[in-house]
Amino acid sequence: YLEGSYLLAQIADRNEAITEDYYAICEVAPELASIATLEEFKWARMCVCSRNFGLQIDGHRTSALVPHADMLNHHRPRETKWT
């Protein structure tokens, strides 16, 4: 169903970037390989990426995990914002 979609390229790019991150981390912290396989790292990374929220604190952009916040509003355009 996704043939010809740009989404396939985005998925491939994200997969490659996460793989590169895993091996880069393993170079400086080899113990990661004994803690998590590449597939486990990808799973954990996507759990975090799919649930983090961009925010601005004292003028600085950052992100945070906010439990249950993704359930607050799925309307587009969004009707909620962090203050």
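Residues numbered from 1 in each chain as written. Predicted model: local features only at pLDDT ≥ 70, side-chain atom pairs only at ≥ 80, totals over all residues. Heavy atoms only, no water.

S.K.: Would you mind going over the packing of aromatic side chains in detail, with residue names and values included?
M.R.: Under the counting rule described, the total for this entry stands at two aromatic pairs. Ring centres 5.2 Å apart and planes at 80° place the aromatic pair Tyr-22 and Tyr-23 in the edge-to-face group. (Phe/Tyr/Trp six-rings, centres within 6.5 Å; stacked < 30°, edge-to-face > 60°.)

S.K.: Lay out the pattern of salt bridges in plain terms, naming residues and giving numbers.
M.R.: Tallying each qualifying case throughout the model produces two salt bridges. For the salt bridge of Asp-21 with Arg-45, the shortest nitrogen-to-oxygen distance reads 2.7 Å. Placement of Asp-21 in helix H1 (residues 6-28) and of Arg-45 in helix H3 (residues 38-49) is noted, with a sequence separation of 24 residues between them. The exposure class assigned to Asp-21 is partly exposed, which follows from its relative accessible area of 30%. For Arg-45, a relative accessible area of 28% gives the class partly exposed. A salt bridge links Glu-39 to Lys-42, with the shortest nitrogen-to-oxygen separation between them at 3.5 Å. Of this pair, Glu-39 and Lys-42 both sit in helix H3, separated by three residues, roughly a single helical turn. Glu-39 sits in the exposed class, given a relative accessible area of 53%. (Salt bridge = Lys/Arg side-chain N within 4 Å of Asp/Glu carboxyl O. Helix = DSSP H or I, 4+ residues; strand = E, 2+ residues; numbered from the N terminus. Buried < 20%, exposed > 50% of the residue type's maximum accessible area, 1.4 Å probe, protein only.)

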